[in-house]
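A look at the structure
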Amino acid sequence: MHLPRTLLPAALGLGLAVTALGAGPAAASDPAPVSEVTAERLAQYAGSGEEAAANRAFFEAVLDSVAEKRAANPGAQAVTVTYDASGAPTFSQQIANSASIWNSAVSNVKLQEGSAADFDYREGNDPRGSYASTDGHGNGYIFLDYAQNQQYDSTRVTTHETGHVLGLPDHYEGPCSELMSGGGPGPSCTNAQPDANERARVDQLWANGLAKALEKVS
């Protein structure tokens, strides 16, 4: 979730306070070093071509991972995306809520915590805020930033970032009723539910996208 420029100084200041007060757990993972970030695609920059490419890359990486497992178990009835939340213990409830929200909102794909995960969640402090990232080689994760999750509704942040896994791009110009408007409407927006268009788009993406991904691994 991208922070509007006018809010970045406050968020950065809050990030320093969180570190100083030890609000984040000592065992929290740090964001990827700069040398690694350059090789990753981050769903972070509002309205840029790079951001759109990052969103698409993450979605395709998860699709490929799910397709490989589906090809190995063709009898599976449901399309399930598996996640690992062990790297973000502070946000375990928000992650569970996010999965429940999406599972109730769409029918062509389900989120489930488990082993052999298609993506994972991580937590820590990062001036870029929370983001979805992929290295372009089938590995993806969602990073949840402490400061941003204090400034904004944490369940909305988590559910928004999970929306990238399911194929949705950011739309910061949208109203609070749009989940993928992210931080655009400001911290007062606490809506964590995708709207009708977002729900329909996810179902469409997984109906069409998985079929194509299965063709590649069959």
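Residues numbered from 1 in each chain as written. Predicted model: local features only at pLDDT ≥ 70, side-chain atom pairs only at ≥ 80, totals over all residues. Heavy atoms only, no water.

Note the threshold: UniProt positions are given in the numbering used here, feature names are shortened, and annotations may be inferred rather than shown by experiment.
Looking at an unreviewed UniProt entry, the chain carries the name Extracellular small neutral protease, with the source organism given as Streptomyces triticagri. In its Subcellular location (unreviewed entry) section, the UniProt entry covering the chain states "Secreted". Looking at the chain in UniProt, the text filed under Catalytic activity (unreviewed entry) is "Hydrolyzes proteins with a preference for Tyr or Phe in the P1' position. Has no action on amino-acid p-nitroanilides."

1. Structural notes on the packing of helix H4 (residues 92-105) against helix H6 (residues 154-165)
The cut-off we apply is this: Interaxial angle, 0 to 180 degrees, is taken between N-to-C directions of lines fitted to C-alpha atoms, where a helix line uses only the stretch in contact. The numbering of helices and of strands both runs from the N terminus, where a helix is a DSSP run of H or I of at least 4 residues and a strand a run of E of at least 2. By the definition adopted for this analysis, an angle is roughly parallel if under 35 degrees, roughly antiparallel if over 145, roughly perpendicular if from 65 to 115, and oblique otherwise. Left-handed describes a crossing in which the near helix is turned anticlockwise from the far one by less than a right angle; the clockwise case is right-handed. The contact criterion used throughout is that any non-hydrogen atoms of two residues lie within 4.5 Å. Three residue categories are used. Nonpolar comprises Ala, Val, Leu, Ile, Met, Phe, Trp, Tyr, Cys and Pro, charged comprises Asp, Glu, Lys and Arg, and polar comprises the others, including Gly.
Remark: H4 packs on H6, axes separated minimally by 9 Å, with the N-to-C direction vectors making an angle of 55 degrees. Looking at the two axes, H4 sits oblique to H6. As H4 runs across H6, the sense of the crossing is right-handed. Contacts between H4 and H6 pair Gln94, Ile95, Asn97, Ser98, Ile101 and Trp102 from the former with Ser154, Thr155, Thr158, Thr159, Thr162 and Gly163 from the latter. Looking at the contact of H4 with H6 residue by residue, the classes come out as three nonpolar, nine polar and no charged.

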